[in-house]
Amino acid sequence: MDLKKSENNHSSVLIFCVNGDKFELSKVDPSTTLLEFLRTQTRFKSVKLGCGEGGCGACVVLISKYDPLLDIVEDFTASSCLTLLCSIHGCSITTSEGIGNSKHGFHPIHERFAGFHASQCGFCTPGMCVSLFGTLVNAEKNNFPEPPSGFSKITVSESEKAIAGNLCRCTGYRPIADACKSFAADVDMEDLGLNSFWKKGDSKDLKLSTLPRYNHHHKNIKFPMFLKDIKHDLFLDSEKHSWHKPTSLNELQSLLDLNHDNANGSRMKLVVSNTGMGYYKDREGYDKYIDLKGISEFSKIRKDQSGIEIGAAVSISKAIEILKEQSNSNFMSDFVMILEKISDHMNKVASGFIRNTASVGGNLVMAQKNRFPSDIATVLLAVDSMVHIMTGAKFEWLALEDFLDRPPLGLESVLLSIKIPNMKLKKSESSETKSRFVFETYRASSRPLGNALSYLNAAFLVQVSPCKDTDGTIMIETCRLSFGGFGDKHAVRAKHVEEFLAGKLLNVGILYNAVNLFTSTGTIIPQDETSKKAYLSSLAVGFLFQFFNSLIDSPARITNGYLNGYTHPPSVEASNIKENQKQVHHSKFPTLLSSGKQILQAGSEYCPIGKPVVKSGAALQASGEAVFVDDIPSPTNCLHGTYIYSEKPLARIKSIKLGSELQLDGVRDILSCKDIPNGGKNLGANSIFGSEPLFAEEIARCVGERLAFVVADTQKLADIAANSAVVDYSIENLELPILRVEDAVERSSFFEVPPFLRPGNQIGDVSKGMAEADHKVLSAEIKLGSQYYFYMETQTALAVPDEDNCITVYSSSQSPELVHSTIARCLGIPENNVRVITRRVGGGFGGKGLKSIAAAASCALAAHKLQRPVRMYLNRKTDMIMAGGRHPMKITYNVGFKNNGKITALELKILVNSGIYPDVSVIMPRNIVGALKKYDWGALSFDIKLCRTNHPSRSAMRAPGDVQGSFIAEGIIENVADTLSMEVDSVRSINLHTYTSLKAFYEDCYGEPLEYTMPLIWNKLAVSANYEHRVDKVKEFNRINTWKKRGISRVPALYELNLRPTPGKVGILSDGSVVVEVGGIELGQGLWTKVKQMAAFVLGSIQCDGNGSLLDKVRVVQSDSLSLIQGGLTAGSTTSESSCEAVRLSCNVLVERLMPIKKKLQEENGSIKWETLILQAYMQAVNLSASSFFVPSYNSMKYINYGAAVSEVEIDLLTGETRFLQTDIIYDCGQSLNPAVDLGQIEGSFIQGLGFFMLEEYETNLDGLVLADGTWNYKIPTIDTIPQQFNVEILNSEHHQHRVLSSKASGEPPLLLAASVHCATRSAIKEARKQLLSWSNLDDGSDSTFQLGVPATMPVVKELSGLDIVQRYLKWKMDNK
Ligand SMILES: Cc1cc2nc3c(=O)[nH]c(=O)nc-3n(C[C@H](O)[C@H](O)[C@H](O)COP(=O)(O)OP(=O)(O)OC[C@H]3O[C@@H](n4cnc5c(N)ncnc54)[C@H](O)[C@@H]3O)c2cc1C
Ligand code: FES
Ligand code: FES
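Residues numbered from 1 in each chain as written. Chains lettered and ligands numbered in written order. Predicted model: local features only at pLDDT ≥ 70, side-chain atom pairs only at ≥ 80, totals over all residues. Heavy atoms only, no water.

**Topic: the UniProt feature "binding site: Mo-molybdopterin" (unreviewed entry) in the protein chain**
What counts here: UniProt positions are given in the numbering used here, feature names are shortened, and annotations may be inferred rather than shown by experiment. Starting at the N terminus, helices and strands are each numbered in turn, a helix being any DSSP run of H or I of at least four residues and a strand any DSSP run of E of at least two. In this analysis, two residues are considered to be in contact whenever any of their non-hydrogen atoms come within 4.5 Å of each other.
Under the UniProt annotation, "binding site: Mo-molybdopterin" (unreviewed entry) lies at Q814, F845, R958 and G1132. For the annotated residues, spread through 319 residues, the largest C-alpha to C-alpha distance comes to 12.4 Å, consistent with a single compact locus. Mapping R958 onto the fold places it in the loop between β37 (939-948) and α29 (962-980). Beyond its immediate chain neighbours, meaning those up to four positions away, R958 contacts F845, R886, Q1241, G1244, S1245, Q1248, G1307, E1308 and L1311. Structurally, G1132 can be placed in the loop between β42 (1119-1120) and α36 (1135-1165).

Rendered as structure tokens:
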């Protein structure tokens, strides 16, 4: 954009600051986001791209903006991926490295995140830190009482909510919550979990003194004064685009008129904060952007007796604040209550960093124009709001309802403001003086605190009065029942029901009729086929019931004249009511984590091994200085690529064309299989298990298969180009695709499992076992779906061509060795021409094993062909579509058992949907069976088939096969218990292995008797989790509660582990510092930290003076596939220990070389320092570099891990929501190498399992095209969906002599324990079903066997608890009057 003299003397240079650096830009493409600018044009890389749609928080920044009218600087967090760069004119931006860094000192937030072990891969951490920082900055501005020294003014509850919109896939949130809570004025230090600052039992004063000091008076950020003088209007113009920020309505009108008259159809967009783009992604930019924030009318707030008017550009956060403010005043009674509830509801819209900028008007326009499933439209519709519209020079006030009903708003019209009318005035028109308003809002969503669209939302406003002639019965005078969020309609009113209820005396019969009328008139019509119509309708009925039933149940409140609202004038009772009201709300949305306990023992034998040492580089990760692949600055001339993928499961590719306007500047090439060089091979992955093509050749064999790689000047352009691609498919002469496992069986389409990976097929004699059984369950079925990795960093690579036909590739991979060899074969060059470098990976969970290879190979191929560097950072949607994820499967089984629950035989047939290419599917049978054998089945036989289908190939995902195997076992146990009407826990206990049966089932890895810690764990957990007592309490809870039911469940897990050969290399430099290379990759699992500890321990055995600080001298460096070969695959949980062992072996060599010198020096000088020893060794030309290759021996190669968990949940029968009340885990880590790291793995893994079992629906269409393609529809756990009490004990079990320093793995096995949550949910549903049957007088327990699907999402739970539960209850009530 050329710098021009702009009209009206508007500023024509965009000016802002980032972390104090000033930027002045006159050439800006207005579609550029702040994130794009920061990541590509500045050195500030702490803002990460996790989703690009406002749903993850990885990109959060703090925006500071001067308000000249109030003469204050406002600070608020925002998602930089949605904020347009032009809209930050005059602002100061702070990123995580701006609040502190390694050069100028970390901020206490960074230090505490590190010390509380709250950062694993570190990709989410900078965003988390800024979210917390924003909350602290604003809290300090309040005139709350001074906090105790070292703390801030925030409360514990606020500190947890500060990160409610930020996703973390690694930690499980508990340690993050602790880091946040450590700043809260009201925190009880005893409640804070494991950290590196203090030890258990330290005094409060000592604890305080060790916590990195926070001074709430200290201003960490300074607003650059010159920004106060910047004119806030802006006009940037170029031949292609323009950005206008008018300052008056007249100016806006002229701009709109101009556009209207402009016949050449230039594309114009009105913007406020652009968060709408998170949902409605702009495929291309616009010609003209008009920013409405400069016009004061859009930001006004006017309050008077007639109501409250809110300017359309007012942010949702601001609106919440204003509406809340009214509750401090005691006037307008019912109206105040209504406003407070509206603000409470708004608090659950999106997340804090979205609400801070997202405007109320933008939300309503999206609802009006695009049918966005808005909460705000629903809530405002219920209270009869009005909207003020400007069309040309015409201004009109409209009822929101009429506005929503109108055809979509044209570009010539703008929404100026919204008015919430004062109900009190309206009420005075009514003849009934004693009447009151009752108002309530509802939203059912997978995350209680927001950051999830609701399945359905509703708001009900009812005017009621006590009926004089009856005993407290309530008369409904008028009502407005509004529903929204569910479909392709905007928010609607249930007018039939409103009319039916008006003038009626409320009782059970009327409510029953109202509900029936509601369901028969079809108010709720879901958006598409996949939406659960029956669930939505049932939810709506649940809301109606909740609302009206409370009026039937407690009419006394209205007869006293205090219904739901506040009395006027205020009285003692009134304030009580107000308090009650608040309490009701509190119990509806309790504080998040109440507490978490961690019990672990730090070993001292191998110090610093066994110590909870802080994760290496954690503070660097927090400040965002840690470098991930996409943070590496682009080399000159760098190009960017992305994929065009197949949308058909089996089709011939006739042609691929880009959208016409995109065959343009900047798109440099489209590579496909035709570009594989001579001598090379079309390889996208290659391992001992098989290979897959890099690009489809002629025929695409699954949805998501790579067809071509578009290479362009920027990532944005490459993405736009790939999006615009039109692929011409043909299915002529092709068979039908295989999409179901049953089809694969019919067509015998299977992958062969090599003999060395086959788990056998029988243990014991199944026919005999079946014959011994008293009962049999035959042909029972279990189905399991997929799960997406949701690593926060998507697939990424950077390939740089080098001299002599060489290439260096930076890859975010768990398997650089395979990346290396595949690239060499793909390009047809020797392996020593390729170098693959991996420093850190922003989360892998198996998804960056074989799946990362193609990303690196594509970049390498393009770089090789074009002889320019090529990089890719795959967008989240494409990543989700191509990923494949966890293996879905169908299980059929026969099980025989005795009257006492002892199982005698189990026969299984398992069909695994492996997708189209082998990937690592061949490991599945062994893994499934390994975990399934956790119980003594008497005899066991199985037939596992790996079905080759036309789906993306499934890959290993954390605990691949093991989690399914373990769950299948629980499903069978539950079925047996149900059949026998026994307590499930007794059936579990009776079928646990004895050491003898363990030996029979785990022939090659059962270990010594003392190593079998399962019975110990099982009993210990019963005591520590107070299991028996809580079972009774749950029963009592269920007896007295109708609409909520609880369940509790104890589940064991056994996990077979295998160690693989791993290399290690250790060098000591002349100053005594140590450099270590290992085969394993740091994925956040703490591998580097354990390796450092190992190096420090072994080298420390030389016992020089000052050895204490050896740990700080060790640096583990990035993996370089040419420097250390045979690195292998970082997978299977054991890479940390095998890397440690390789380092131990290398260090032993060095110790051996150094010992004689040390002894000699000691004899000469007495004591000797490490540095002196090393200097001497250098002088004596001792080789101070040693490498080794650890190859596990037969008896150390395999072992079993044990753990158990108790989980308690509560389900809501009206919505299907499950709350996770408490989880207690005991896990055997052997002698933990680092208990803090292992604790992090246990918690994080468990929460990822909880996601699999309860939340994450990886939905596809019939062709296999993933529909859950972003943060809007794929919901991983958040801080509000983890157990409210989360206790973990790491069992420091007996020495395991064959293990690496007696340690055991922790990365994957604890994921299996999350089945306890699912089983507890099933138990709660069982109670609900019993109750339902009792209402039909059929309490014979006949309905107790049922399947609870995985994931047990809200609709699934609700369906099993009774979609018509309300109707049945009301009918039962009526019949039993
Ligand atoms: C991650 C995320 C989660 C969300 N969750 C929820 C949720 O749970 N519930 C919910 O209700 N909403 C939710 N939202 C929607 C959010 O409330 C809206 O995106 C936001 O309010 C839009 O405001 P904006 O200022 O960013 O509008 P913009 O994005 O700037 O504009 C949105 C649209 O409205 C037009 N427009 C804006 N203002 C005007 C005006 N005054 N006159 C005419 N046209 C105008 C624009 O041209 C554009 O088409 C979520 C959004 C995100 C990103
Ligand atoms: S990248 Fe911006 S919120 Fe996810
Ligand atoms: S540490 Fe949070 S995503 Fe990895």
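**Considering the pattern of salt bridges**
For the record, the criterion: Whenever Lys or Arg places a side-chain nitrogen within 4 Å of a carboxyl oxygen from Asp or Glu, that contact is recorded as a salt bridge. Think of it in three bands: with a 1.4 Å probe and only protein chains considered, a residue is buried below 20% of the maximum accessible area for its type, exposed above 50%, and partly exposed in between.
In this structure the tally under the stated criterion is 73 salt bridges. With a closest N to O distance of 2.6 Å, R493 and E498 form a salt bridge. Each member of the pair R493 and E498 is classed as buried. Between K848 and E793 there is a salt bridge, with the nearest N and O atoms lying 2.9 Å from each other. Of this pair, K848 sits in the loop between β33 (834-838) and α26 (851-866) while E793 sits in the loop between β30 (775-784) and β31 (796-802), and the two are 55 residues apart along the sequence. The same class applies to K848 as to E793, namely buried. Among the charged side chains, a salt-bridge network with shared partners connects K934, E970, E974, D978, R988, R1322 and K1326.

**With respect to the site of ligand 1**
Defined as follows: Nearness is judged by heavy atoms alone; a residue qualifies as near a molecule or strand once a single heavy atom is within 4 Å of it. Contacts described as polar in this section are N or O atom pairs within 3.5 Å, which, within protein, must combine one atom able to donate a hydrogen with one able to accept it, while residues neighboring in sequence count only if both atoms come from side chains. Areas reported here follow the Shrake-Rupley algorithm with a probe of radius 1.4 Å; residue values treat only the protein chains shown as occluding. Put simply, Ala, Val, Leu, Ile, Met, Phe, Trp, Tyr, Cys and Pro go in the nonpolar bin, Asp, Glu, Lys and Arg in the charged bin, and everything else, Gly too, in the polar bin.
Every one of the 34 residues lining ligand 1 counts as a neighbour, but L270, T275, G276, S359 and D375 are closest to it. S359 is positioned with one of its side-chain polar atoms (N or O) 2.6 Å from an oxygen atom of ligand 1. One of the side-chain nitrogen or oxygen atoms of N363 is found 2.9 Å away from an oxygen atom of ligand 1. Its free accessible area being 980 Å², ligand 1 has 96% of it covered by the protein chains. When contributions to the shell around ligand 1 are tallied by element, the ones reaching two or more residues are β8 (268-271), α12 (360-370), α13 (375-382) and β14 (413-421). The leading source of residues in the shell around ligand 1 is α12, at four residues. Classifying every residue of the shell around ligand 1 gives 22 nonpolar, nine polar and three charged.

**Topic: the packing of aromatic side chains**
Between two aromatic rings, the relevant description is the distance of the centres plus the angle of the planes. As a reminder of what qualifies: Side-chain rings of Phe, Tyr and Trp (the six-membered ring for Trp) are treated as a pair once their centres are within 6.5 Å; stacked means planes under 30 degrees apart, edge-to-face means over 60, and tilted covers the remaining angles.
Per the counting criterion, the structure on display carries 44 aromatic pairs. Ring geometry for F460 and F547: centres 5.3 Å apart, planes at 75°, overall edge-to-face. Taken together, the residues span a long stretch of sequence, with F460 in strand β16 (residues 456-466) and F547 in helix α18 (residues 533-553) at a distance of 87 residues. Residue F460 shares its accessibility class with F547, and that shared class is buried. Geometrically, the ring pair formed by Y1258 and Y1274 is edge-to-face, given 5.6 Å between the ring centres and 70° between the ring planes. Placement of Y1258 in the loop between α39 (1235-1255) and β46 (1285-1291) and of Y1274 in the loop between α39 and β46 is noted, with a sequence separation of 16 residues between them.

**Quick notes on the sheet that holds strand β7 (residues 242-245)**
Going by this rule: Criterion used throughout: strands pair if DSSP finds at least two bridges between them. The convention used is that axes are lines fitted to C-alpha atoms, helices contributing only their stretch in contact, and that angles between N-to-C directions extend from 0 to 180 degrees.
Strand order in the open sheet made by the four strands is β6-β7-β9-β8, with mixed pairing throughout. The open sheet has two edge strands with one neighbour each: β6 (234-237) and β8. Between one strand and the next, the sheet's axes are offset by a mean angle of 15°, whatever the strand orientation. Sheet topology note: the β8/strand β9 (residues 288-291) ladder contains four bridges and is parallel. Residue V271 lies in a different strand from β9, and its bridge partner there is D291.

**So, the environment of L1111**
Looking at the element boundaries, L1111 is found in helix α35 (residues 1110-1113). Taking relative accessible area as the criterion, L1111 reaches 16% and is therefore assigned buried. Sequence-wise, L1111 and C859 are 252 residues apart; in three dimensions their C-alpha atoms are separated by 38 Å. Apart from residues no more than four positions distant in its own chain, L1111 is found in contact with P608, V613, K1092, Q1093 and A1096.

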